[in-house]
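Here is how the chains run, residue by residue.
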Amino acid sequence: MRLSQILISTLRDDPADAEIPSHKLLARAGFIVKIAAGVYTYSPLMWRVVKKFAQIVREELDREGANEVMLPIIQPAELWQSSGRWDRYVTDGIMFSLKDRKGTDMCLGPTHEEVMTTFVNAQVNSYKQMPVNCYQIQAKFRDEIRPRFGLMRGREFVMMDAYSFDADDAGLDAAYQKMRNAYCRTFERCGLDYTIVQADSGAIGGAGSEEFMVIADTGEDAILFCKGSGYAANVEKATSQLPEAPAGGEVREMSKHETPGVKTVAQLEDFFDGWVAGRMAKTVLYHAAWKEDEAIVAVMMRGDLEINEVKLANALDALTVRLATDEEIQKATGAETGFAGPVNLSEDVRLLADLSLEGRTNLLTGCNETGYHCLDVNLGRDCQQPEFHDLRLARAGEGCPVSGQPLEEARGIEVGHIFKLGTKYSSAMQATFMDQRGKPAPFVMGCYGIGVSRTPAAAVEQHFDDKGMVWPVPIAPFECVVAILDSKRSEQCELAEKLYGELEAAGVEVCLDDRKMSPGAKFKDHELMGLPLQVFVGRKAGDRQVELLVRKGMEKSDCAADEVVAKVLAALGR
Ligand code: ATP
Ligand code: MG
């Protein structure tokens, strides 16, 4: 392909809203053009990248027996009501919903469990027709709270979503493992450094899930991992060994103390001699919302530890949780912020506590009275017995739950997610098949997603330098470019055409840069666009000499024209 026929328009500066390298570089290279927040047009070169990545995904899924289909983007609310998800997605505000001309509620698909379940339910009647695994590669729509980082968090983006249907749990386990293997091969083929982590299942629900994370400093997710045991988890899900805290000792009488203006754990440590954070129970009030209900709940955590709001929402089975406002705290406890506690807490406020407090004696807590705290509080004796759950945020440095070694922290970009759904959707939607005994049974499902537009951006995040992008060969827009430095010189044009033809004949995905522009501008463009191998045909063309540049590391070497094909093939490992 000739670059003179491809729309390429590189910019001198980064766009003002670009914060991370992939966004800056993709925009500066003209690969993406913003239309609205989180909505982008892909240039011809960018679209080649996305298609090449999509093709790798396809090949690896097809190898595992998955079938490509195409589902509708626009979906009726009715389907989402049948699975019970409409309200949650509308409350979250994540879904683009609209009404058709008849006033029927519709949405633009943020994900496709309902549509795929309907499709497979109509096609599959018997256990004999399974396993079934169908996928599609298509635009998804999510009205993200903070669309940002270019293709990383778009409101319209390309996703591969796959759904497996099996007759039993063993079938699901096998389907899940196959998808996991296909994902590993996909990301390995793209030359990405990735980690598989345990994940929260989020709004999709289900039994277990893992995320594929591309490790990068700019990643939006925090990961905790242990090299020794191989344990790795998204911090939303992670657990750790409970850090030690001094024991409370034998049960004593509770006492109430005036603590004017003393509100935080640190202030309390200063105020009460010998009462370290680990002997306190802080009480944090949250506002929780369910489909048809909302409430203020009180959450107790050991003073030296933090609350994980994802675990809290899961424990409450709530749609959303957020910190209560000062007014809400005042209303629920009768005291100012900083004095909430289990003692004298209204029966109407549900009380939860982290497992770190279970069985602990003689705690320091608030008592819902401005300017007072209590010492030697014993849960269940001096106040209601809380419900205990794991609500704790695991932190780097704490012991790995498997090996006990200190956990390490890294940032990651979620490029893929695999879920065991079980029968959550099929039961709700009454999607059944005839099992071996001739009885109707709900499908046992899995679902699987890959960020098809996010992954190339993540690849740039791992592969760039101060000059521009450095595409990994498998997803580069072209593997090689032959650039004519002075198109007025016929010997340069002829030699470049010849090399271009030879490389193409040798099976190299090559383009010819025959654009009329200065050599300096051409060098700069190619540094920025980052094609892996670059052949510059310039002044020495008459001597049948060219310059070969390996973009990774910017290694330049002179090369005889008749060695170009062999050298390029060698550099591509062929
Ligand atoms: P995130 O936690 O990043 O919001 P998610 O867990 O909501 O993502 P999934 O529903 O698991 O996303 O979607 C499957 C995959 O689609 C993700 O692993 C990610 O690679 C990609 N993806 C999700 N949301 C976006 C988005 N807004 N822009 C681009 N890609 C996305
Ligand atoms: Mg996810």
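It should be emphasised that the depicted structure is a prediction, and the values quoted were computed from it without experimental measurement. (Residues numbered from 1 in each chain as written. Chains lettered and ligands numbered in written order. Predicted model: local features only at pLDDT ≥ 70, side-chain atom pairs only at ≥ 80, totals over all residues. Heavy atoms only, no water.)

Take the domain arrangement of the chain next. By a frequent convention, interface size equals the accessible area lost on bringing the separate parts together. The domain architecture assigned to the chain consists of domain 1 (46–72 + 111–238 + 409–460), domain 2 (255–389) and domain 3 (478–571). Spacing between the C-alpha centres of domain 2 and domain 3 amounts to 67 Å. (Domains from an automatic or database assignment.)

The next point concerns the nonpolar core. L26 and M160 are the most contacted members of the largest nonpolar core, which has 65 residues in total. Viewed by domain, this core spans two of them, domain 1 (46–72 + 111–238 + 409–460) and domain 3 (478–571), each represented by three or more residues. The residues touching M160, leaving out its near neighbours within four places in the chain, are V57, L61, Y135, Q136, I137, Y183, Y448, G449, I450 and V452. Judged by nonpolar contacts, the second largest core, of 29 residues, contains V120, V132, A441 and C447. (Core = buried A, V, L, I, M, F, W, Y, C linked by side-chain atoms within 4.5 Å. Buried < 20%, exposed > 50% of the residue type's maximum accessible area, 1.4 Å probe, protein only. Contact = heavy atoms within 4.5 Å.)

On to the environment of Y372, then. Looking at the secondary structure, you find Y372 in strand 19 (residues 372–377). Here the alpha-carbon distance between Y372 and K263, two residues 109 residues apart in the chain, equals 9.3 Å. When residues no more than four places from it in sequence are discounted, the contact partners of Y372 are K256, H257, E258, T259, F339, G366 and C367. (Helix = DSSP H or I, 4+ residues; strand = E, 2+ residues; numbered from the N terminus.)

This part covers the sheet that holds strand 29 (residues 533–537). One open sheet holds the five strands; their spatial order is 28-27-29-30-31, and the pairing between them is mixed. Taken across any chain shown, the strands that pair with only one partner, and hence form the sheet edges, are strand 28 (510–513) and strand 31 (555–560). Taken over all neighbouring pairs, the strand axes of this sheet differ in orientation by 20 degrees on average, direction set aside. By the bridge criterion, six bridges tie strand 30 (residues 545–550) to strand 31 in an arrangement that is antiparallel. Residue pairing across strands places L548 opposite S557, the latter belonging to strand 31. (Pairing = 2+ DSSP bridges. Axes fitted to C-alpha atoms, helices over the stretch in contact; angles between N-to-C directions.)

Geometry of an aromatic ring pair is reported as the spacing of the ring centres plus the angle between the planes. For the structure shown, the criterion picks out 14 aromatic pairs. Between F523 and F536 the ring centres are 4.5 Å apart and the planes differ by 55 degrees, which places this aromatic pair in the tilted class. In this pair, F523 is assigned in helix 13 (residues 519–529) and F536 in strand 29, connecting sequence segments 13 residues apart. Note on F523: relative accessible area 26%, which makes it partly exposed. (Phe/Tyr/Trp six-rings, centres within 6.5 Å; stacked < 30°, edge-to-face > 60°.)

Turning our attention to the layout of surface pockets. Approximately 370 Å³ is the volume attributed to the second largest pocket. Surrounding the second largest pocket, 21 residues form its lining, K263, K282, T283, V284 and G338 being those nearest its centre. Where the lining of the second largest pocket is concerned, the elements lending two or more residues are helix 7 (265–271), strand 14 (281–290) and strand 18 (363–366). Its residues assigned to classes, the lining of the second largest pocket comprises 12 nonpolar, seven polar and two charged. (1 Å grid on protein atoms, 1.4 Å probe; cavity = no way out; pocket = protein on both sides within 12 Å on 5 of 7 lines; lining within 4 Å. Points joined across faces, edges and corners; volume = space filled by probe spheres on them. Nonpolar A, V, L, I, M, F, W, Y, C, P; charged D, E, K, R; others polar.)

Surveying the vicinity of ligand 1 reveals 14 residues, the closest of which are R142, E144, R153, G154 and E414. A distance of 2.8 Å is found between a nitrogen atom of ligand 1 and a side-chain nitrogen or oxygen belonging to E144. One nitrogen or oxygen atom from the side chain of R153 is found 2.8 Å from an oxygen atom belonging to ligand 1. Within the complex, the protein chains bury 86% of what would otherwise be the 580 Å² of accessible surface of ligand 1. Contributions of two or more residues to the shell around ligand 1 are made by strand 8 (156–166) and strand 21 (408–422). The element contributing the most residues to the shell around ligand 1 is strand 21, with four residues. For the shell around ligand 1, the per-class residue count stands at five nonpolar, four polar and five charged. (Near = heavy atom within 4 Å. Polar contact = N/O pair within 3.5 Å; in protein donor to acceptor, adjacent residues only side chain to side chain. Areas by Shrake-Rupley, 256 points an atom, 1.4 Å probe, with all protein chains shown as cover.)

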